[in-house]
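# Per-entry structural report
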Amino acid sequence: MKRDLVAACAALGAALPLSMLAAGAGPFTVRVSPAGPALETALAQTRASSAPEKEIVLADGDYFLGRTIVLGVADSNLTLRAEHDGRAVLWGGVPVTAWKADGRFAAAALPGVKEGTWDFRTLLVDGRMAPRACYPSATNRLENLGGWTERVRAAVDGWWGRAPTAEELTTMPYRAGDLPAGFEPRNADVRLYHMWSESFVPVASNDVGRGVLHFARRMDAPAGAFGRRTYQIFGIREGMTEPGQWYLDRPSGTVVYWPRPGEDMARVKVVAPKVETLVQIRGEARRPVRNLRLKGLALTGTTAPCRSAGFGGEGAPGALEVRHAEDCAFERLTIRHVGATGVKVHEAVRLRLAESAIVDCGASALCLYAADSEVVSNRLLRAGLAFPSACLATLGRRRLRVARNEVADAPYSGLILRGEGHCIEENCISRVMQVLHDGAAVYGNVRDSVIRGNVVRDVVPNGAGYGASGFYCDETSADVVIEGNVTLGVPRPCHQHLARDIHVRNNTFVADGDLAISFQNCAGCTFTGNMLVAGGTVRPTDACRTSVTNWSGNRACHARGGGVAWGCDLPAAAPEKPQAPYRVKKAASWRADGILGADEYGEARRMDRDARGCHVGAAPTSLRLAHDGAALLVAFRTLDFWATPLSAGETWGVDDGIRFTLAGHAFEVYFSGNVYAVDAEGRRTPLAGAYNAVDARGGMARSRIVECRIPFAALGIAPARGARIAFSACRWSAHYREVRHYAAPGETAELVLE
């Protein structure tokens with residue numbers, strides 16, 4: 001009897017498209033298959049269930065969704081899993097059939113393309129991402145005639161001396177004869193390569209007479225920025241240079257493909273994406289999605305928008321997107337051949353991504369902004385197929401553990417770190433920085449973190465640029481330990497910039513040729529107990545002498561003069577040359593408003609010398625000067641990393657501030673917002689008309705602008721051309737208890753009126 005009952009129940013389950021198990025026997029379970037019913041039907045049933053745990057099981061097969069599955073607060077405590085790992089495949093598109101010959105190409109009409117309701121930039125052919133038509137070719141680029149020559153500044157300094165105009169951001173001049181005559185602008189997207197990012201913009205029109213392309217969106221940077229002018233055009237028929245490529249012909253509403261030898265379009269499986277995001281988990285800030293688990297699913301076939309992906313690819317959409325989630329887990333996922341990012345998490349707490357493969361992504365494999373979360377034992381491979389600014393993973397917010405992942409093959413960085421309190425350990429990172437510059441296997445603007453036990457291989461510069469590094473803590477980074485790592489085939493394993501208190505210890509760095517150690521404009525860093533092995537020479541950069549306070553216990557083996565030499569000493573720091581006189585120009589206009597215009601002031605000079613007169617780095621303070629014929633115009637711009645606390649008091653040598661002297665007259669600036677003239681007895685008088693406030697433009701650091709006007713009469717100076725004024729200035733940091741000078745103590749700096 002019992003056996004008969006079991007057999008009857010099995011037969012009943014097999015006869016139903018959905019089978020639901022009783023809540024008392026485990027989680028409330030709904031099973032679906034590609035034949036039906038829809039996944040949304042199963043979700044409606046689990047949402048209606050009062051069971052504490054719910055589960056949807058997807059049978060093996062292809063699920064051509066062509067739409068985004070949205071999971072919300074009602075889906076908390078749900079497990080969505082494949083019956084067998086990797087065999088339930090969710091597609092973000094639909095099959096393309098009814099191909100017709102188009103010369104040597106094949107074409108298929110698609111409803112909605114001509115009308116503008118369906119657009120895509122990814123095509124999957126027999127399980128591969130077909131390369132999009134590219135002019136002049138996938139391996140060659142053209143050079144534009146962009147005229148932007150502004151020198152790039154540090155990010156904390158605001159990038160450019162002046163902001164680009166709308167016209168400069170939406171036009172690109174080109175050489176006569178470079179572009180094919182009569183190409184269809186409506187099909188064309190242009191990718192411009194910058195230093196560490198790209199601009200990816202659709203063409204609005206082509207002014208053939210002037211030789212100028214007009215874009216429908218703004219570029220990330222003007223044409224010619226960073227001294228980079230190379231570009232390619234995607235999506236035009238003239239870019240079909242080899243079999244296997246495709247393009248979308250919007251005016252005719254067809255997708256056009258060049259079959260590879262042996263491909264029969266009646267048998268080839270072609271899928272055109274409909275969506276950018278396949279699965280979206282969307283909670284609210286005060287009502288997050290909780291305890292949602294995705295296991296064993298495969299996601300593929302999404303598209304990407306025609307817009308720049310932003311630094312590290314952060315601006316690209318994800319095939320799996322999460323916003324406001326807690327205690328969720330994504331395990332044994334396979335995310336492959338997606339147009340933009342694989343997994344994108346905006347805000348999460350205690351999230352786990354484990355044992356998953358995220359490969360062949362148009363942008364990044366992973367973009368994660370979360371707290372108290374972990375990324376362990378994943379394979380993140382081949383990112384940036386459409387957006388060369390993409391890294392393999394961006395990791396931000398607080399207390400992330402990233403461990404034992406395989407990270408390989410990207411046009412830009414491997415891991416980009418943001419936030420604080422992270423542990424990056426035992427990862428294998430290789431072959432990154434293949435296209436762009438100024439990045440690393442592990443790059444970041446990060447604080448209070450540990451990077452340890454990682455292996456980095458084959459990260460080399462790809463031509464002239466800002467280089468490629470193994471471990472690179474950039475602007476605003478502080479209090480980071482880099483220890484116990486190994487680099488192989490990395491000519492610059494250690495590069496730190498505008499950071500402080502970076503401690504590099506007990507690492508092994510190996511390179512076939514020269515090996516460079518770089519600390520640029522840093523402060524309070526240490527480099528101890530490291531083993532350096534080079535086929536050429538070991539070269540600490542000059543800036544190491546002032547950026548590194550403890551260089552000891554390091555061992556180096558390098559070829560020199562045909563033999564092998566040991567040793568890696570760091571020469572003592574030498575004082576900088578005296579400051580050249582500052583030539584004070586007459587301002588065309590001036591207003592104390594926090595905007596330091598080029599028509600108001602002369603050059604910016606940094607106040608970055610220590611008591612020895614040596615240049616030191618980290619967050620800088622700069623000054624700019626001018627005059628209006630009757631008064632001296634003085635401006636300071638201070639920068640402090642966001643993690644640095646600032647005092648609000650007004651006691652020199654105790655509270656944050658600036659002190660400067662002009663012709664023996666003293667002045668003090670405090671971050672309370674006051675500017676004072678100080679007499680010989682130390683009495684302070686507020687300076688009328690001064691501006692002293694936090695820079696409202698924000699950025700990567702806390703910036704304060706100070707502007708004041710000091711009459712020459714008050715200084716006892718006749719404002720004659722060529723008049724020389726004795727000048728000194730220094731900045732006191734209460735948090736670090738250190739002073740930075742414009743000129744070395746005891747040195748007389750001068751201003752010269754023009």
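The rules behind each value
Residues numbered from 1 in each chain as written. Predicted model: local features only at pLDDT ≥ 70, side-chain atom pairs only at ≥ 80, totals over all residues. Heavy atoms only, no water. Helix = DSSP H or I, 4+ residues; strand = E, 2+ residues; numbered from the N terminus. Rg over C-alpha atoms; globule rule 2.2 N^0.38 Å. Buried < 20%, exposed > 50% of the residue type's maximum accessible area, 1.4 Å probe, protein only. Contact = heavy atoms within 4.5 Å. Lys, Arg positive; Asp, Glu negative; His and termini not counted. Charge placed at Lys NZ, Arg CZ, Asp CG, Glu CD. Pairing = 2+ DSSP bridges. 1 Å grid on protein atoms, 1.4 Å probe; cavity = no way out; pocket = protein on both sides within 12 Å on 5 of 7 lines; lining within 4 Å. Points joined across faces, edges and corners; volume = space filled by probe spheres on them. Salt bridge = Lys/Arg side-chain N within 4 Å of Asp/Glu carboxyl O. pLDDT = per-residue confidence, 0-100. Core = buried A, V, L, I, M, F, W, Y, C linked by side-chain atoms within 4.5 Å. Arc of directions from axis to C-beta. Phe/Tyr/Trp six-rings, centres within 6.5 Å; stacked < 30°, edge-to-face > 60°. Lys NZ or Arg CZ within 6 Å of the ring centre and 35° of its normal. Axes fitted to C-alpha atoms, helices over the stretch in contact; angles between N-to-C directions.

## What to know about the overall build of the protein chain
A tally of regular secondary structure across the protein chain gives five helices and 67 strands. The C-alpha radius of gyration computed for the protein chain amounts to 30 Å, which stays within 12% of the reference 27 Å derived for 754 residues, consistent with globular compactness. For the protein chain, the proportion of its 754 residues judged to be buried stands at 56%. At a minimum sequence separation of 6, the contacts of the protein chain that also span at least 24 residues come to 64%. Separation between the mean location of the 87 positive side-chain charges and that of the 79 negative ones in the protein chain comes to 1 Å.

## Brief notes about the pairing of strand β17 (residues 212–215)
With three bridges connecting them, strand β14 (residues 171–173) and β17 associate as antiparallel partners. Bridged to Met172 within β17 is Leu213. Counted between consecutive antiparallel strands, the loop separating strand β16 (residues 198–207) from β17 contains four residues, among which Gly211 sits at a positive phi close to 70°.

## A few points about empty space enclosed by the protein
Under the defined criterion, the tally for this structure stands at one cavity of 30 Å³ or more. Taken as a whole, the largest cavity spans an internal volume of roughly 230 Å³. Taken together, 18 residues make up the lining of the largest cavity; nearest its centre are Arg500, Ala619, Leu639, Glu738 and Arg740. Every element with two or more residues in the lining of the largest cavity is listed here: β58 (631–641), β65 (724–733) and β66 (738–741). The element that contributes the greatest number of residues to the lining of the largest cavity is β58, accounting for three residues.

## Some details on the pattern of salt bridges
One pass over the full model with this rule turns up 51 salt bridges. Two residues, Arg684 and Glu668, come together in a salt bridge whose shortest N-O distance is 3.5 Å. With Arg684 in strand β62 (residues 684–686) and Glu668 in strand β60 (residues 665–670), this residue pair connects regions lying 16 residues apart in the sequence. Look at Arg684 and you get partly exposed, because its relative accessible area is 34%. Residue Glu668 is classed as buried on the basis of its relative accessible area of 5%.

## Brief notes about the confidence of the model for the protein chain
Interpretation of the predicted coordinates at a detailed level should be avoided for regions scoring low in pLDDT. Summarising the model, the protein chain shows a mean pLDDT of 91, and 94% of its residues fall at 70 or more. Confidence over residues 1–24 falls short of pLDDT 50; this stretch has 19 contacts with residues more than four positions distant or in other chains.

## Details of the sheet that holds strand β11 (residues 128–129)
In spatial order, the strands read β7-β21-β10-β11; together these four strands make up an open sheet with antiparallel pairing. The two strands at the open ends of the sheet, each matched to only one other strand, are β7 (93–95) and β11. One ladder, built from three bridges, connects β7 with strand β21 (residues 270–273); its direction is antiparallel. Residue pairing for β21: Val94 is matched across the bridge by Ala272.

## Observations concerning the nonpolar core
By size, the foremost hydrophobic cluster in this structure holds 111 residues, and its most contacted members are Ile56, Leu58, Ile281, Leu320, Leu395, Phe519 and Phe527. When residues in this core are grouped by element, the largest group, six residues, is from strand β40 (residues 439–452). Ignoring anything within four residues of it in the chain, the contact list for Leu320 reads Val279, Ile281, Leu294, Leu299, Phe330, Leu333, Gly342, Val343 and Lys344. By size, the runner-up hydrophobic cluster in this structure holds 30 residues, among which are Phe660, Val675, Ile710 and Tyr742.

## Structural notes on helix α2 (residues 39–48)
Of the residues making up α2, those classed as buried are Leu39, Ala42, Leu43 and Thr46. Looking straight down α2, one finds its buried side chains confined to an arc of 100°; they lie on one side. On the buried face of α2, the contacting elements are β1 (28–32), β2 (54–58), β4 (69–71) and β5 (78–82).

## Let's talk about the packing of aromatic side chains
With the rule as written, the count across this model stands at 17 aromatic pairs. Each residue in the set Phe311, Tyr412, Tyr443 and Tyr472 is aromatic and connected to the rest through ring pairs, giving one cluster. Lying over the aromatic face of Tyr193, Arg141 brings its terminal NZ or CZ to 3.6 Å of the ring centre.

## A look at the layout of surface pockets
For the second largest pocket, the calculated volume is near 710 Å³. Contributing to the lining of the second largest pocket are 31 residues, with Arg191, Phe234, Gly384, Leu385 and Ala386 lying nearest its centre. Elements with a contribution of two residues or more to the lining of the second largest pocket: β15 (189–193) and β18 (230–234).

## Here we look at unusual backbone geometry
A cis geometry characterises the amide bond from Gly36 onward to Pro37, with omega recorded as -5°. By the element assignment, Pro37 lies in the loop between β1 and α2. The omega torsion across Tyr135 and Pro136 is 5°, close enough to zero to call that bond cis. Secondary-structure assignment places Pro136 in the loop between β12 (134–135) and β13 (142–143). Of note, the phi angle at Asp409 is positive, near 70°, even though the residue is not glycine. Along the chain, Asp409 turns up in the loop between β36 (406–408) and β37 (415–420). A relative accessible area of 19% places Asp409 in the buried class. The phi dihedral of Arg431 is positive, around 50°, even though this residue is not glycine.

## Details of the environment of Val446
As for its placement among the helices and strands, Val446 is situated in strand β40. Residue classification places Val446 among the buried positions, given a relative accessible area of 0%. When the C-alpha atoms of Val446 and Val675 are compared, they prove to be 33 Å apart, with 229 residues separating the residues in sequence. Ignoring any residue separated from it by four or fewer positions in sequence, one finds Val446 in contact with Leu417, Gly419, His422, Cys473, Thr476, Ser477, Ala478 and Val480.

## Here's the deal with the sheet that holds strand β20 (residues 254–257)
The four strands lie next to each other as β8-β9-β20-β19, forming an open sheet whose pairing is antiparallel. Each edge of the open sheet carries a strand with a single partner, namely β8 (100–102) and β19 (246–249). Between one strand axis and the next, the sheet turns through 30° on average, direction left out of account. By the bridge criterion, three bridges tie β8 to strand β9 (residues 105–109) in an arrangement that is antiparallel. Bridge pairing in β9 places Lys100 opposite Ala107.

## Notes on the side chain of Thr638
Assignment of secondary structure puts Thr638 in strand β58. When residues no more than four places from it in sequence are discounted, the contact partners of Thr638 are Pro620, Thr621, Ile658, Phe671, Arg702, Ser703, Arg704 and Arg731.

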